Amino acid sequence: MKLIGPFKQIIPMTGLPTKGAITDNQLEIVADGGILVEGDRIKTIGKFDDLVKVTSLNDTEIHELKGDHTCLPGFIDAHTHICFSGSRANDYAMRNSGKTYMEISKAGGGIWDTVTQTRKASKETLTKGIVKRAKRHLANGVTTIEVKSGYGLSVTEELKMLYAIKDADELLPVDLVPTCLAAHMVPRDFEGSPAEYLEQITSELFPLLKTEKLTNRIDAFIEEGAFYPLLIEPYFKKAKELGFDITVHADQFSTGGSEVAIKYNAISADHLEASTDIEIQHLAKSNVIATALPGASIGLGCNFTPARKILDAGGAVAIASDHNPGSAPMGDLLTQAAILGTFQKLSNAEVLAGITTRAAAALNLTDRGRLSSGCLADLSIFHTADYKEILYNQGNFKPCMVWKKGALAYNKHKH
Ligand SMILES: [Zn+2]
(Lines give C-alpha, C1' and ligand atoms only; values in the text may rest on other atoms or scores of the structure.)
Protein backbone atom coordinates (compact mmCIF):
# COMPACT_ATOMS: atom_id res chain seq x y z
CA MET A 1 0.00 0.00 0.00
CA LYS A 2 0.95 3.63 -0.46
CA LEU A 3 0.07 6.64 1.64
CA ILE A 4 0.17 9.98 -0.17
CA GLY A 5 0.03 13.30 1.68
CA PRO A 6 -0.29 15.40 3.68
CA PHE A 7 -2.59 17.61 1.62
CA LYS A 8 -3.80 20.98 2.91
CA GLN A 9 -7.00 20.12 1.07
CA ILE A 10 -8.43 17.05 -0.59
CA ILE A 11 -11.51 17.84 -2.70
CA PRO A 12 -13.02 14.37 -3.21
CA MET A 13 -16.01 15.57 -5.34
CA THR A 14 -18.20 13.05 -3.49
CA GLY A 15 -21.79 13.46 -2.36
CA LEU A 16 -22.65 15.82 -5.23
CA PRO A 17 -25.76 15.43 -7.38
CA THR A 18 -25.24 14.49 -11.04
CA LYS A 19 -27.79 17.08 -12.12
CA GLY A 20 -28.48 20.70 -11.33
CA ALA A 21 -26.65 23.71 -9.91
CA ILE A 22 -24.02 23.21 -7.18
CA THR A 23 -22.56 25.84 -4.85
CA ASP A 24 -19.01 25.85 -3.55
CA ASN A 25 -20.42 25.28 -0.06
CA GLN A 26 -21.53 21.84 -1.18
CA LEU A 27 -17.92 20.78 -1.83
CA GLU A 28 -16.58 18.47 0.80
CA ILE A 29 -13.05 19.47 1.86
CA VAL A 30 -10.78 17.10 3.78
CA ALA A 31 -8.21 19.28 5.57
CA ASP A 32 -4.69 17.93 6.29
CA GLY A 33 -5.68 14.78 4.50
CA GLY A 34 -3.97 11.68 3.22
CA ILE A 35 -4.89 9.10 0.61
CA LEU A 36 -4.21 5.44 1.21
CA VAL A 37 -3.84 3.52 -2.04
CA GLU A 38 -3.95 -0.24 -2.53
CA GLY A 39 -2.93 -1.36 -6.02
CA ASP A 40 -4.70 0.89 -8.51
CA ARG A 41 -7.52 1.86 -6.13
CA ILE A 42 -8.14 4.23 -3.27
CA LYS A 43 -8.50 2.36 0.00
CA THR A 44 -9.16 5.17 2.47
CA ILE A 45 -9.17 8.95 2.66
CA GLY A 46 -8.73 10.59 6.04
CA LYS A 47 -6.51 12.76 8.20
CA PHE A 48 -2.90 12.14 7.19
CA ASP A 49 -1.68 11.84 10.78
CA ASP A 50 -4.34 9.26 11.61
CA LEU A 51 -3.50 7.25 8.49
CA VAL A 52 0.21 7.31 9.38
CA LYS A 53 -0.60 5.80 12.78
CA VAL A 54 -2.91 3.15 11.37
CA THR A 55 -0.47 2.09 8.70
CA SER A 56 2.81 2.36 10.60
CA LEU A 57 2.76 -1.32 11.56
CA ASN A 58 2.52 -2.76 8.06
CA ASP A 59 4.55 -2.26 4.93
CA THR A 60 3.09 0.95 3.59
CA GLU A 61 5.25 3.24 1.44
CA ILE A 62 4.74 6.82 2.54
CA HIS A 63 4.95 9.46 -0.21
CA GLU A 64 5.32 12.51 1.95
CA LEU A 65 4.73 15.85 0.24
CA LYS A 66 6.63 18.95 1.36
CA GLY A 67 4.85 22.30 1.26
CA ASP A 68 1.21 23.08 0.52
CA HIS A 69 -0.65 20.72 -1.77
CA THR A 70 -4.26 20.28 -2.82
CA CYS A 71 -5.59 17.10 -4.40
CA LEU A 72 -8.48 16.65 -6.81
CA PRO A 73 -9.62 13.62 -8.78
CA GLY A 74 -7.71 13.17 -12.06
CA PHE A 75 -9.57 15.18 -14.68
CA ILE A 76 -11.65 13.49 -17.37
CA ASP A 77 -11.81 14.90 -20.89
CA ALA A 78 -15.04 13.38 -22.19
CA HIS A 79 -14.86 14.56 -25.81
CA THR A 80 -11.76 14.75 -28.03
CA HIS A 81 -10.67 14.05 -31.58
CA ILE A 82 -6.94 13.66 -30.87
CA CYS A 83 -6.48 10.88 -33.44
CA PHE A 84 -5.71 12.87 -36.59
CA SER A 85 -3.02 13.95 -39.00
CA GLY A 86 -2.33 17.35 -40.56
CA SER A 87 -3.09 20.92 -39.57
CA ARG A 88 -6.02 23.22 -40.26
CA ALA A 89 -4.10 26.49 -39.97
CA ASN A 90 -5.59 27.50 -43.34
CA ASP A 91 -9.10 27.15 -41.93
CA TYR A 92 -8.09 29.42 -39.06
CA ALA A 93 -6.85 32.07 -41.47
CA MET A 94 -9.96 31.79 -43.69
CA ARG A 95 -12.32 31.89 -40.72
CA ASN A 96 -10.70 34.98 -39.29
CA SER A 97 -10.95 36.72 -42.64
CA GLY A 98 -14.70 36.25 -42.56
CA LYS A 99 -15.47 32.84 -44.07
CA THR A 100 -18.01 30.68 -42.23
CA TYR A 101 -17.51 27.07 -41.07
CA MET A 102 -19.82 25.90 -43.86
CA GLU A 103 -18.09 28.04 -46.50
CA ILE A 104 -14.67 26.71 -45.52
CA SER A 105 -16.01 23.17 -45.64
CA LYS A 106 -17.51 23.72 -49.10
CA ALA A 107 -14.18 25.21 -50.29
CA GLY A 108 -12.32 21.98 -49.46
CA GLY A 109 -11.23 22.76 -45.92
CA GLY A 110 -12.99 21.63 -42.79
CA ILE A 111 -13.37 18.03 -41.67
CA TRP A 112 -12.74 16.58 -45.16
CA ASP A 113 -9.24 18.08 -45.21
CA THR A 114 -8.42 16.22 -41.98
CA VAL A 115 -10.01 13.05 -43.40
CA THR A 116 -7.67 13.26 -46.40
CA GLN A 117 -4.58 13.77 -44.22
CA THR A 118 -5.62 11.08 -41.73
CA ARG A 119 -6.23 8.52 -44.47
CA LYS A 120 -2.72 9.18 -45.82
CA ALA A 121 -1.15 8.55 -42.40
CA SER A 122 -0.19 5.06 -41.26
CA LYS A 123 -1.72 3.59 -38.13
CA GLU A 124 1.70 3.96 -36.44
CA THR A 125 1.87 7.67 -37.30
CA LEU A 126 -1.61 8.18 -35.87
CA THR A 127 -0.66 6.34 -32.69
CA LYS A 128 2.40 8.57 -32.26
CA GLY A 129 0.24 11.69 -32.62
CA ILE A 130 -2.25 10.46 -30.01
CA VAL A 131 0.55 9.60 -27.57
CA LYS A 132 2.13 13.05 -27.97
CA ARG A 133 -1.18 14.86 -27.37
CA ALA A 134 -2.32 12.60 -24.55
CA LYS A 135 0.96 13.15 -22.70
CA ARG A 136 0.29 16.87 -22.72
CA HIS A 137 -3.22 16.26 -21.38
CA LEU A 138 -1.72 14.10 -18.64
CA ALA A 139 0.68 16.88 -17.63
CA ASN A 140 -2.40 19.11 -17.35
CA GLY A 141 -4.01 16.71 -14.89
CA VAL A 142 -6.18 14.71 -17.30
CA THR A 143 -6.10 10.97 -16.53
CA THR A 144 -8.95 9.74 -18.77
CA ILE A 145 -9.44 10.92 -22.36
CA GLU A 146 -12.27 10.02 -24.69
CA VAL A 147 -10.96 9.77 -28.28
CA LYS A 148 -13.18 9.64 -31.35
CA SER A 149 -12.61 8.15 -34.77
CA GLY A 150 -14.44 10.01 -37.55
CA TYR A 151 -11.62 11.11 -39.85
CA GLY A 152 -11.58 7.75 -41.64
CA LEU A 153 -15.16 7.61 -42.95
CA SER A 154 -14.92 4.17 -44.50
CA VAL A 155 -14.99 0.77 -42.84
CA THR A 156 -11.23 0.25 -43.34
CA GLU A 157 -10.13 3.75 -42.37
CA GLU A 158 -12.37 3.94 -39.30
CA LEU A 159 -10.90 0.61 -38.19
CA LYS A 160 -7.36 1.98 -38.70
CA MET A 161 -8.16 4.93 -36.43
CA LEU A 162 -9.72 2.76 -33.72
CA TYR A 163 -6.73 0.38 -33.77
CA ALA A 164 -4.41 3.40 -33.50
CA ILE A 165 -6.36 4.56 -30.43
CA LYS A 166 -6.16 1.06 -28.95
CA ASP A 167 -2.39 0.92 -29.54
CA ALA A 168 -1.89 4.38 -27.98
CA ASP A 169 -3.94 3.32 -24.95
CA GLU A 170 -1.53 0.43 -24.38
CA LEU A 171 1.49 2.78 -24.55
CA LEU A 172 0.13 5.34 -22.07
CA PRO A 173 -0.67 5.45 -18.37
CA VAL A 174 -3.74 7.56 -19.26
CA ASP A 175 -6.95 5.66 -20.08
CA LEU A 176 -8.25 6.32 -23.57
CA VAL A 177 -11.98 5.75 -24.07
CA PRO A 178 -12.58 5.09 -27.78
CA THR A 179 -15.72 6.20 -29.64
CA CYS A 180 -16.74 5.40 -33.21
CA LEU A 181 -17.76 8.58 -35.04
CA ALA A 182 -18.16 7.08 -38.52
CA ALA A 183 -21.11 9.51 -38.96
CA HIS A 184 -18.93 12.64 -38.68
CA MET A 185 -19.78 13.79 -42.21
CA VAL A 186 -20.91 12.18 -45.44
CA PRO A 187 -17.69 11.02 -47.14
CA ARG A 188 -17.29 12.85 -50.42
CA ASP A 189 -15.91 9.82 -52.23
CA PHE A 190 -18.68 7.39 -51.21
CA GLU A 191 -20.52 6.09 -54.24
CA GLY A 192 -24.07 6.09 -53.02
CA SER A 193 -26.48 8.10 -50.91
CA PRO A 194 -25.78 9.21 -47.31
CA ALA A 195 -28.34 6.62 -46.15
CA GLU A 196 -26.42 3.91 -48.04
CA TYR A 197 -23.18 5.02 -46.39
CA LEU A 198 -24.76 4.71 -42.93
CA GLU A 199 -26.22 1.33 -43.90
CA GLN A 200 -22.73 0.11 -44.86
CA ILE A 201 -21.32 1.36 -41.53
CA THR A 202 -24.03 -0.27 -39.43
CA SER A 203 -23.96 -3.58 -41.28
CA GLU A 204 -20.19 -3.94 -41.83
CA LEU A 205 -18.38 -1.82 -39.20
CA PHE A 206 -20.64 -2.09 -36.13
CA PRO A 207 -20.33 -5.90 -35.79
CA LEU A 208 -16.53 -5.63 -36.15
CA LEU A 209 -16.36 -3.04 -33.37
CA LYS A 210 -17.91 -5.66 -31.12
CA THR A 211 -15.87 -8.68 -32.19
CA GLU A 212 -12.58 -6.73 -32.20
CA LYS A 213 -13.52 -5.04 -28.89
CA LEU A 214 -12.65 -1.63 -30.33
CA THR A 215 -15.36 0.47 -28.66
CA ASN A 216 -18.74 0.36 -27.02
CA ARG A 217 -19.64 3.93 -27.92
CA ILE A 218 -21.25 5.30 -31.11
CA ASP A 219 -21.40 9.00 -32.02
CA ALA A 220 -22.84 11.06 -34.89
CA PHE A 221 -22.68 14.70 -35.96
CA ILE A 222 -26.26 15.87 -36.41
CA GLU A 223 -26.16 19.12 -38.35
CA GLU A 224 -26.95 20.76 -41.64
CA GLY A 225 -24.15 19.65 -43.97
CA ALA A 226 -23.55 16.52 -41.87
CA PHE A 227 -26.46 14.21 -40.92
CA TYR A 228 -29.98 15.46 -40.32
CA PRO A 229 -32.12 13.79 -37.63
CA LEU A 230 -34.27 11.51 -39.81
CA LEU A 231 -31.24 10.25 -41.71
CA ILE A 232 -29.36 9.27 -38.57
CA GLU A 233 -32.16 7.40 -36.79
CA PRO A 234 -31.57 3.96 -38.37
CA TYR A 235 -27.85 4.28 -37.40
CA PHE A 236 -28.68 4.91 -33.75
CA LYS A 237 -31.45 2.31 -33.79
CA LYS A 238 -28.92 -0.31 -34.94
CA ALA A 239 -26.35 0.90 -32.40
CA LYS A 240 -28.94 0.53 -29.62
CA GLU A 241 -29.91 -2.97 -30.78
CA LEU A 242 -26.27 -4.03 -30.60
CA GLY A 243 -25.93 -2.60 -27.09
CA PHE A 244 -23.66 0.38 -27.80
CA ASP A 245 -23.74 3.52 -25.68
CA ILE A 246 -24.77 6.53 -27.74
CA THR A 247 -23.39 10.05 -27.71
CA VAL A 248 -24.30 12.86 -30.09
CA HIS A 249 -22.73 16.01 -31.57
CA ALA A 250 -25.89 18.05 -31.10
CA ASP A 251 -27.23 21.60 -31.57
CA GLN A 252 -23.83 23.09 -32.53
CA PHE A 253 -25.07 25.47 -35.25
CA SER A 254 -28.73 24.46 -35.48
CA THR A 255 -31.14 22.52 -33.27
CA GLY A 256 -32.46 19.00 -33.80
CA GLY A 257 -29.60 16.89 -32.45
CA SER A 258 -30.48 17.10 -28.76
CA GLU A 259 -33.99 15.76 -29.46
CA VAL A 260 -32.44 12.73 -31.16
CA ALA A 261 -30.08 12.29 -28.19
CA ILE A 262 -33.04 12.24 -25.80
CA LYS A 263 -35.11 9.94 -28.05
CA TYR A 264 -32.30 7.36 -28.20
CA ASN A 265 -31.44 7.73 -24.52
CA ALA A 266 -27.90 8.90 -25.31
CA ILE A 267 -25.37 9.07 -22.48
CA SER A 268 -24.44 12.59 -23.55
CA ALA A 269 -25.34 15.35 -26.00
CA ASP A 270 -22.29 17.48 -26.75
CA HIS A 271 -21.91 21.08 -28.02
CA LEU A 272 -25.44 22.59 -27.58
CA GLU A 273 -24.24 26.10 -28.40
CA ALA A 274 -27.44 26.63 -30.43
CA SER A 275 -29.85 25.06 -27.92
CA THR A 276 -32.80 27.31 -27.10
CA ASP A 277 -34.96 27.29 -23.96
CA ILE A 278 -37.05 24.43 -25.39
CA GLU A 279 -34.02 22.15 -25.92
CA ILE A 280 -32.66 23.16 -22.50
CA GLN A 281 -35.93 22.21 -20.78
CA HIS A 282 -36.08 18.86 -22.57
CA LEU A 283 -32.44 18.07 -21.80
CA ALA A 284 -32.86 19.01 -18.15
CA LYS A 285 -35.80 16.60 -17.80
CA SER A 286 -33.83 13.76 -19.41
CA ASN A 287 -30.87 11.75 -18.13
CA VAL A 288 -28.68 12.91 -21.01
CA ILE A 289 -25.53 14.69 -19.82
CA ALA A 290 -25.00 18.03 -21.58
CA THR A 291 -21.32 18.28 -22.48
CA ALA A 292 -20.10 21.83 -23.04
CA LEU A 293 -17.13 22.26 -25.38
CA PRO A 294 -15.73 25.74 -24.68
CA GLY A 295 -12.63 25.00 -26.79
CA ALA A 296 -14.83 24.93 -29.91
CA SER A 297 -16.50 28.22 -28.94
CA ILE A 298 -13.10 29.82 -28.43
CA GLY A 299 -11.79 28.31 -31.67
CA LEU A 300 -14.75 29.43 -33.77
CA GLY A 301 -15.42 32.68 -31.93
CA CYS A 302 -19.04 31.73 -31.28
CA ASN A 303 -21.42 31.37 -28.34
CA PHE A 304 -20.65 29.18 -25.38
CA THR A 305 -22.96 26.31 -24.47
CA PRO A 306 -25.68 27.79 -22.21
CA ALA A 307 -24.30 25.88 -19.22
CA ARG A 308 -25.80 28.22 -16.59
CA LYS A 309 -29.30 27.83 -18.01
CA ILE A 310 -28.95 24.06 -18.31
CA LEU A 311 -27.81 23.74 -14.69
CA ASP A 312 -30.53 26.09 -13.41
CA ALA A 313 -33.13 24.08 -15.33
CA GLY A 314 -31.85 20.98 -13.47
CA GLY A 315 -29.64 19.47 -16.16
CA ALA A 316 -26.21 17.88 -15.85
CA VAL A 317 -23.23 19.68 -17.40
CA ALA A 318 -19.88 18.09 -18.18
CA ILE A 319 -17.06 20.11 -19.77
CA ALA A 320 -14.67 18.71 -22.38
CA SER A 321 -11.96 20.10 -24.66
CA ASP A 322 -13.20 18.87 -28.07
CA HIS A 323 -9.45 18.84 -28.88
CA ASN A 324 -9.36 18.62 -32.69
CA PRO A 325 -7.29 20.15 -35.49
CA GLY A 326 -10.12 22.29 -36.89
CA SER A 327 -12.16 24.17 -34.31
CA ALA A 328 -10.32 23.37 -31.06
CA PRO A 329 -6.55 22.93 -31.53
CA MET A 330 -5.68 24.22 -28.02
CA GLY A 331 -6.67 21.08 -26.15
CA ASP A 332 -6.25 22.56 -22.69
CA LEU A 333 -9.22 21.36 -20.65
CA LEU A 334 -8.49 23.29 -17.45
CA THR A 335 -8.02 26.63 -19.25
CA GLN A 336 -11.18 26.14 -21.28
CA ALA A 337 -13.23 25.04 -18.27
CA ALA A 338 -12.07 28.11 -16.32
CA ILE A 339 -13.02 30.40 -19.22
CA LEU A 340 -16.44 28.76 -19.56
CA GLY A 341 -16.90 29.31 -15.81
CA THR A 342 -16.19 33.03 -16.20
CA PHE A 343 -18.52 33.58 -19.16
CA GLN A 344 -21.33 31.36 -17.89
CA LYS A 345 -21.02 32.33 -14.21
CA LEU A 346 -20.42 28.81 -12.98
CA SER A 347 -19.29 28.08 -9.42
CA ASN A 348 -15.93 26.42 -8.82
CA ALA A 349 -17.94 23.35 -7.82
CA GLU A 350 -19.85 23.27 -11.12
CA VAL A 351 -16.71 23.65 -13.22
CA LEU A 352 -14.74 21.07 -11.25
CA ALA A 353 -17.67 18.62 -11.30
CA GLY A 354 -17.83 19.19 -15.07
CA ILE A 355 -14.32 17.82 -15.53
CA THR A 356 -14.50 15.11 -12.85
CA THR A 357 -17.62 13.41 -11.55
CA ARG A 358 -20.04 14.68 -14.22
CA ALA A 359 -17.49 13.97 -16.97
CA ALA A 360 -17.31 10.38 -15.66
CA ALA A 361 -21.10 10.21 -15.97
CA ALA A 362 -20.81 11.50 -19.55
CA LEU A 363 -18.64 8.45 -20.30
CA ASN A 364 -20.83 6.08 -18.28
CA LEU A 365 -17.89 5.37 -15.94
CA THR A 366 -18.51 4.87 -12.23
CA ASP A 367 -14.99 4.06 -11.02
CA ARG A 368 -13.45 7.53 -11.36
CA GLY A 369 -14.12 11.27 -11.18
CA ARG A 370 -14.38 11.04 -7.38
CA LEU A 371 -11.92 10.28 -4.63
CA SER A 372 -13.51 7.61 -2.50
CA SER A 373 -12.84 4.09 -1.36
CA GLY A 374 -12.86 1.66 -4.30
CA CYS A 375 -12.38 4.33 -6.99
CA LEU A 376 -9.28 4.43 -9.18
CA ALA A 377 -6.38 6.26 -7.53
CA ASP A 378 -6.29 8.96 -10.25
CA LEU A 379 -5.05 12.17 -8.65
CA SER A 380 -4.38 15.73 -9.84
CA ILE A 381 -2.16 17.47 -7.30
CA PHE A 382 -1.60 21.25 -7.22
CA HIS A 383 0.94 23.26 -5.27
CA THR A 384 -1.52 25.35 -3.26
CA ALA A 385 -3.29 25.41 0.09
CA ASP A 386 -6.60 26.52 -1.46
CA TYR A 387 -8.42 24.75 -4.30
CA LYS A 388 -9.97 28.08 -5.39
CA GLU A 389 -6.54 29.15 -6.70
CA ILE A 390 -6.82 26.58 -9.49
CA LEU A 391 -9.64 27.99 -11.65
CA TYR A 392 -8.87 31.55 -10.52
CA ASN A 393 -5.59 31.25 -12.42
CA GLN A 394 -7.54 30.51 -15.63
CA GLY A 395 -5.74 27.30 -16.42
CA ASN A 396 -2.26 28.79 -16.20
CA PHE A 397 -1.77 26.99 -12.89
CA LYS A 398 -0.94 23.38 -13.77
CA PRO A 399 -0.67 20.35 -11.50
CA CYS A 400 2.74 19.59 -10.05
CA MET A 401 2.04 15.88 -9.89
CA VAL A 402 -0.41 13.47 -11.47
CA TRP A 403 -1.06 9.91 -10.30
CA LYS A 404 -2.79 7.35 -12.48
CA LYS A 405 -4.08 4.06 -11.06
CA GLY A 406 -1.95 4.41 -7.96
CA ALA A 407 1.31 5.20 -9.77
CA LEU A 408 3.08 8.52 -10.21
CA ALA A 409 2.50 9.28 -13.92
CA TYR A 410 3.71 12.88 -14.11
CA ASN A 411 5.99 14.86 -11.86
CA LYS A 412 6.64 18.48 -12.82
CA HIS A 413 9.95 18.52 -10.98
CA LYS A 414 11.28 15.77 -13.21
CA HIS A 415 10.38 17.43 -16.54
ZN1 LIG B 1 -16.44 16.91 -31.44
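Below: a short report on this structure. Small disclaimer: the values here were computed from a predicted structure and weren't measured.

Roughly 340 Å³ of volume is contained in the largest pocket. For the largest pocket, the lining is made up of 17 residues, of which Leu176, Val177, Pro178, Thr215 and Asn216 are closest to its centre. Counting only elements with at least two residues in the lining of the largest pocket, the list comes to helix 6 (155-171) and strand 8 (175-183). Looking at the lining of the largest pocket, the element that brings in the most residues is strand 8, giving four residues. For the lining of the largest pocket, the per-class residue count stands at seven nonpolar, three polar and seven charged.

Before going further, it helps to spend a moment on the coordination of the zinc ion. The zinc ion binds to the protein through His79 (NE2), His81 (NE2), His249 (NE2) and Asp322 (OD), with metal-donor distances spanning 2.0 to 2.5 Å. Around the zinc ion, the four donor atoms are arranged such that angles at the metal cover 82 to 170°; this shape is classified as irregular.

Once that is clear, we can look at the pattern of salt bridges. In total, this model carries 20 salt bridges according to the counting rule given. Here aspartate 367 and arginine 368 are joined by a salt bridge, their closest N and O atoms 2.8 Å apart. One salt-bridge network, held together by shared partners, links Asp175, Asp367, Arg368, Asp378, Lys404 and Lys405.

This paragraph deals with empty space enclosed by the protein. Using the criterion set out here, one finds two cavities of 30 Å³ or more in the structure. Estimates place the volume of the largest cavity at around 130 Å³. The wall of the largest cavity is formed by 14 residues, among which Tyr101, Ile111, His184, Asn324 and Ser327 lie closest to the centre. Its residues placed into classes, the lining of the largest cavity shows four nonpolar, eight polar and two charged. Its volume calculated, the second largest cavity comes out at about 40 Å³. Around the second largest cavity sit Arg88, Asp91, Arg95, Tyr101, Ile104 and Gly110, which together line it.

Here the focus is the packing of aromatic side chains. One pass over the structure, following the stated rule, counts eight aromatic pairs. The interplanar angle of 70° and the centroid separation of 5.5 Å between the aromatic rings of phenylalanine 190 and tyrosine 197 together place this pair among those described as edge-to-face. Tyrosine 197 gets classed as buried once you look at its relative accessible area, which sits at 0%. An aromatic cluster is defined as three or more aromatic residues linked by ring pairs; in this entry it consists of Phe206, Tyr235, Phe236, Phe244 and Tyr264. The side chain of lysine 210 reaches across the aromatic face of phenylalanine 244, ending 4.4 Å from its centre.

For the rest of this paragraph, the subject is the sheet that holds strand 9 (residues 217-221). What the eight strands build is an open sheet, ordered 6-7-8-9-10-11-12-13; its pairing is parallel. With partners counted over all chains shown, the strands left at the sheet margins are strand 6 (75-77) and strand 13 (317-319), one partner each. Neighbour-to-neighbour, the strand axes of this sheet turn through a mean angle of 25°, independent of strand direction. Direction of pairing for strand 12 (residues 289-292) relative to strand 13: parallel, over a ladder of three bridges. Residue alanine 292 lies in a different strand from strand 13, and its bridge partner there is isoleucine 319. Each of strand 6, strand 7 (142-148) and strand 8 is contacted by helix 5 (residues 123-139), which is oriented at about 145° to strand 7, the strand it contacts most. Along the sheet, helix 7 (residues 194-211) contacts strand 8 and strand 9; its crossing angle with strand 8, the most-contacted strand, is approximately 150°.

A few words on the environment of alanine 313. Tracing the backbone shows alanine 313 in the loop between helix 12 (307-312) and strand 13. Here alanine 313 falls in the partly exposed class, since its relative accessible area comes to 31%. When sequence neighbours within four positions are dropped, the list of residues in contact with alanine 313 reads Ile280, Gln281 and Ala284.

Once that is clear, we can look at the nonpolar core. Membership of the largest hydrophobic core comes to 96 residues, with the highest contact counts inside it found for Leu176, Leu209, Ile218, Ile232, Tyr235 and Phe236. When residues in this core are grouped by element, the largest group, seven residues, is from helix 6. Core analysis: the second largest hydrophobic core is formed by 16 residues, Phe7, Ile35, Ala377 and Trp403 among them.

A few words now on the side chain of glutamate 273. Take glutamate 273: it is sitting in the loop between strand 11 (268-271) and helix 10 (277-285). At 3.0 Å, the side chain of glutamate 273 and the side chain of histidine 271 are in polar contact.

With that settled, consider the side chain of threonine 143. Looking at where threonine 143 falls in the secondary structure, it is placed in strand 7. Beyond its immediate sequence surroundings of up to four residues, threonine 143 is in contact with Gly74, Phe75, Leu138, Val174, Asp175, Asp378, Val402, Trp403 and Lys404.

Now for helix 6. In this model, helix 6 (17 residues) spans 25 Å end to end at C-alpha, consistent with the 24 Å of a helix rising 1.5 Å per residue. Taken as a whole, helix 6 has its buried residues at Val155, Glu157, Glu158, Leu159, Lys160, Met161, Leu162, Ala164, Ile165 and Ala168. The inward-facing, buried residues of helix 6 abut helix 4 (111-120), helix 5, strand 7, strand 8 and helix 7.

Criteria and cut-off values
Residues numbered from 1 in each chain as written. Predicted model: local features only at pLDDT ≥ 70, side-chain atom pairs only at ≥ 80, totals over all residues. Heavy atoms only, no water. 1 Å grid on protein atoms, 1.4 Å probe; cavity = no way out; pocket = protein on both sides within 12 Å on 5 of 7 lines; lining within 4 Å. Points joined across faces, edges and corners; volume = space filled by probe spheres on them. Helix = DSSP H or I, 4+ residues; strand = E, 2+ residues; numbered from the N terminus. Nonpolar A, V, L, I, M, F, W, Y, C, P; charged D, E, K, R; others polar. Donors = N, O, S within 2.8 Å, 3.2 Å for Na, K, Ca; no water. Tetrahedral: all angles 85-135°; square planar, octahedral: opposite > 155°, others 65-115°. Salt bridge = Lys/Arg side-chain N within 4 Å of Asp/Glu carboxyl O. Phe/Tyr/Trp six-rings, centres within 6.5 Å; stacked < 30°, edge-to-face > 60°. Buried < 20%, exposed > 50% of the residue type's maximum accessible area, 1.4 Å probe, protein only. Lys NZ or Arg CZ within 6 Å of the ring centre and 35° of its normal. Pairing = 2+ DSSP bridges. Axes fitted to C-alpha atoms, helices over the stretch in contact; angles between N-to-C directions. Contact = heavy atoms within 4.5 Å. Core = buried A, V, L, I, M, F, W, Y, C linked by side-chain atoms within 4.5 Å. Polar contact = N/O pair within 3.5 Å; in protein donor to acceptor, adjacent residues only side chain to side chain. Expected span 1.5 Å × (residues − 1).

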